Amino acid sequence: MNKLPERVTLQPNGVYIWSAPLDMEQEREGYKTGGRIWQVIAFLIFLGGIFFSVRYGSWKPLLYVTAFVIVILLITAGVVHGLENWPGERRRTYRLMDTQISTGFGKRTSLFEFKKTKTMIIGKNYIELRAKIGAFRAYIPAEDFQFVRRFIQFRIPGEAEILYE
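Computed from a prediction, not measured in an experiment: that's the story for all the values here.

Examining the sheet that holds strand β3 (residues 91-96)
Read across the sheet, 5 strands follow the order β1-β2-β3-β4-β5 without closing on themselves; strand pairing throughout is antiparallel. One side of each edge strand has no neighbouring strand; the edge strands of this open sheet are β1 (9-10) and β5 (110-113). In the sheet, strand β4 (residues 100-103) pairs with β5 via 4 bridges, with the strands oriented antiparallel. Paired with Ser-102 across the bridge in β5 is Leu-111.

Put into structure tokens, the structure is as follows:
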């Protein structure tokens, strides 16, 4: 397999490609948020178990639901703990085209079309594009940051808000 470039590199097909490390603090916050969402789901399922136990006058629905909820919570805790403590840095590969930016491969591809941009946030080492629904954050090498910023800024709608962090 070819090594992905760490600098923004123009490919023969006209697509710019690069690989950049992620902000692990932000990633960890995302893992924690996902864990909290699953905890809420487990709690709601547990409440449903209580409801059906009372409704049918049997403790069995509560017992089965409680066992299911415990499994959900154990898996969630294990996954969140494992992801939060994953050693080393994690990298993401980005592809920059005239109309969009994307990351991932195959079914796990995430893309953002520039024409949908409502807000562009320019951070120290990233650019985040936000639409009415959805957002996309790209981490960019310092040496190529101004090029990518100008490339994207030229392609987003003129009424898009640009913020600096």
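Observations regarding the nonpolar core
If you look at the biggest cluster of nonpolar residues, it comprises 27 residues, and the most contacted ones within it are Trp-18, Leu-96, Ile-101, Leu-129 and Ile-152. For this core, the element with the highest residue contribution is helix α3 (residues 145-155), accounting for 4 residues. In this structure, Leu-129 is in contact with Ile-101, Phe-112, Phe-114, Thr-117, Thr-119, Met-120, Gly-134, Ala-135, Phe-136, Ile-152 and Ile-156, ignoring residues within four places of it in sequence.

Some points on the packing of aromatic side chains
Tallied over the entire structure, the rule returns 8 aromatic pairs. Measuring from centroid to centroid gives 5.6 Å for Tyr-16 and Phe-151, while their planes differ by 75°, and the two rings are edge-to-face. A residue pair is termed long-range when its members are at least 10 positions apart, and Tyr-16 in strand β2 (residues 16-21) and Phe-151 in helix α3 qualify at 135 residues. Taken individually, Tyr-16 and Phe-151 each receive the classification buried, so the pair is uniform in this respect. Seen in terms of ring centroids, Phe-52 and Tyr-56 are 6.0 Å apart; in terms of plane orientation they differ by 5°. Their pairing is stacked. Taken together, the residues Phe-52 and Tyr-56, both in helix α1 (residues 24-56) and 4 residues apart, mark about one turn of the helix. Judged by its relative accessible area of 39%, Phe-52 is partly exposed. Overall, Tyr-56 belongs to the exposed group, its relative accessible area being 55%. Through successive ring pairs, a cluster of aromatic residues spans Tyr-16, Phe-147 and Phe-151.

Comments concerning a nonpolar patch on the surface
Residues Val-40, Phe-43, Leu-44, Leu-47, Ile-50 and Val-54 make up a contiguous nonpolar surface patch of about 560 Å² in total accessible area. Under the relative-accessibility criterion, Val-54 is labelled exposed at 67%.

Considering the side chain of Arg-137
Tracing the backbone shows Arg-137 in strand β8 (residues 135-139). Among the polar contacts listed, one links the side chain of Arg-137 to the side chain of Glu-128, at a separation of 2.8 Å. At 3.3 Å, the side chain of Arg-137 forms a polar contact with the side chain of Tyr-139. For Arg-137, the residues in contact, after removing those within four places along its chain, are Gln-26, Tyr-94, Tyr-126, Ile-127 and Glu-128.

Re the pattern of salt bridges
Counted according to the given criterion, the structure contains 8 salt bridges. Of the charged contacts in the structure, one is a salt bridge between Arg-7 and Asp-144, with a shortest N-O distance of 2.8 Å. Taken together, the positions of Arg-7 in the segment before β1 and Asp-144 in the loop between β8 and α3 put the pair 137 residues apart, joining distant regions of the chain. Look at the salt bridges and you will find they share partners, linking Arg-7, Glu-143 and Asp-144 into a network.

What counts and how
Residues numbered from 1 in each chain as written. Predicted model: local features only at pLDDT ≥ 70, side-chain atom pairs only at ≥ 80, totals over all residues. Heavy atoms only, no water. Pairing = 2+ DSSP bridges. Helix = DSSP H or I, 4+ residues; strand = E, 2+ residues; numbered from the N terminus. Core = buried A, V, L, I, M, F, W, Y, C linked by side-chain atoms within 4.5 Å. Buried < 20%, exposed > 50% of the residue type's maximum accessible area, 1.4 Å probe, protein only. Contact = heavy atoms within 4.5 Å. Phe/Tyr/Trp six-rings, centres within 6.5 Å; stacked < 30°, edge-to-face > 60°. Patch = residues over 30% accessible without salt bridge, like charges linked within 9 Å, V, L, I, M, F, W, Y side chains within 5 Å. Areas by Shrake-Rupley, 256 points an atom, 1.4 Å probe, with all protein chains shown as cover. Salt bridge = Lys/Arg side-chain N within 4 Å of Asp/Glu carboxyl O. Polar contact = N/O pair within 3.5 Å; in protein donor to acceptor, adjacent residues only side chain to side chain.

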